[in-house]
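Take a look at the letters that make up each chain.
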Amino acid sequence: MTRLTPQLRRSPAFWLASGFGSGLAPKAPGTVGTFLAVIPWLAMRELPWPGYLAVVLATFLIGVWAAHKVIELIEVDDPGVIVIDEWVGLWIGLFALPNGLHWLLAGVVLFRLFDVAKPWPVSWADRKLHGGFGAMFDDALAGVYTLLMIQAVAWLLPLYGF
């Protein structure tokens, strides 16, 4: 892991970008960050959809700023310590999630799958976009894939008697 200076650890941008420290996990910080993102999502899911989307958009914009600051200080493009992108990506994927723990587990697993496998255009965004926006955008796209997959399955299951 990149050496995190005391100056960086005192930065509000660092704590936001690292998902309040979840990105400091020694192994699989993206997965740890994703799991931690479920906690605020539990409150967010109760919001009306415009409020939910406003929180996601605001967090995306704050995440772009915070990730940019951390990348600037560390001088590493999209370091593992930045996990606010996982938060936003997961929240996109879980938008309008059907009720049930199985749907939540499916959403988390699918998001991690799309985030790690990086199907096109996630892979394109990961390679071509840099800085805070690049760090955030590829995970937002993985979240869109998750959202589409969950909603498609939720729509198709009743058609087949499930």
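What counts and how
- Residues numbered from 1 in each chain as written.
- Predicted model: local features only at pLDDT ≥ 70, side-chain atom pairs only at ≥ 80, totals over all residues.
- Heavy atoms only, no water.
- Axes fitted to C-alpha atoms, helices over the stretch in contact; angles between N-to-C directions.
- Helix = DSSP H or I, 4+ residues; strand = E, 2+ residues; numbered from the N terminus.
- Parallel < 35°, antiparallel > 145°, perpendicular 65-115°, else oblique.
- Left-handed = near helix turned anticlockwise from the far one by under 90°.
- Contact = heavy atoms within 4.5 Å.
- Nonpolar A, V, L, I, M, F, W, Y, C, P; charged D, E, K, R; others polar.
- Patch = residues over 30% accessible without salt bridge, like charges linked within 9 Å, V, L, I, M, F, W, Y side chains within 5 Å.
- Areas by Shrake-Rupley, 256 points an atom, 1.4 Å probe, with all protein chains shown as cover.
- Salt bridge = Lys/Arg side-chain N within 4 Å of Asp/Glu carboxyl O.
- Buried < 20%, exposed > 50% of the residue type's maximum accessible area, 1.4 Å probe, protein only.
- Phe/Tyr/Trp six-rings, centres within 6.5 Å; stacked < 30°, edge-to-face > 60°.

Visitor: Can you walk me through the packing of helix α6 (residues 101-117) against helix α8 (residues 131-159) in this structure?
Guide: Between two packed helices, both the angle of their axes relative to each other and the distance between the axes serve to describe the pair. Where α6 meets α8, the closest approach of the two axes is 8 Å, and the angle between their N-to-C directions is 140°. Viewed along their axes, α6 and α8 adopt a mutual orientation that is oblique. For the pair α6 and α8, the sense of crossing is right-handed. Contacts from Trp 103, Ala 106, Gly 107, Leu 110, Phe 111, Phe 114 and Asp 115 of α6 reach α8 at Asp 139, Ala 142, Gly 143, Tyr 145, Thr 146, Met 149, Ile 150, Val 153, Ala 154 and Leu 157. When the residues that make up the contact of α6 with α8 are grouped by side-chain class, the tally is 12 nonpolar, three polar and two charged.

Visitor: How should a nonpolar patch on the surface be read in this particular structure?
Guide: A surface patch of nonpolar side chains, about 890 Å² in accessible area, is lined by Met 149, Val 153, Trp 155, Leu 156, Leu 157, Leu 159, Tyr 160 and Phe 162. Relative to the helices and strands, Leu 159 is located in helix α8. Overall, Leu 159 belongs to the exposed group, its relative accessible area being 54%.

Visitor: Help me understand the packing of aromatic side chains in this model?
Guide: The description of two aromatic rings rests on the distance between their centres and on the angle between their planes. Considering all chains together, one arrives at seven aromatic pairs under this definition. When the centroid spacing of 5.0 Å and the interplanar angle of 80° are considered together, the rings of Phe 14 and Trp 15 count as edge-to-face. By relative accessible area, Phe 14 is classed as buried at 0%. Centre to centre, the rings of Phe 20 and Trp 87 are 5.8 Å apart; their planes meet at 50°, and the pair counts as tilted. Of this pair, Phe 20 sits in the loop between α2 (12-17) and α3 (29-44) while Trp 87 sits in helix α5 (residues 84-93), placing them 67 residues apart in sequence. Owing to a relative accessible area of 6%, Trp 87 belongs among the buried residues under this scheme. Site record: aromatic cluster; members linked through ring pairs are Phe 20, Trp 87 and Trp 91.

Visitor: What should I look at first to understand unusual backbone geometry in this one?
Guide: Most peptide bonds are trans, and most residues other than glycine sit at a negative phi. Residue Pro 121 is bonded to the preceding Trp 120 through a cis peptide linkage, with omega at 5°. Examined against the element boundaries, Pro 121 turns out to sit in the loop between α6 and α7 (122-128). For Glu 75, which is not glycine, the phi torsion reads 65° and is therefore positive. Among the secondary structure elements, Glu 75 is positioned in the loop between α4 (49-74) and α5. For Glu 75, a relative accessible area of 70% puts it in the exposed group. Backbone geometry at Ala 96 places phi at a positive 55°, although glycine is not the residue there.

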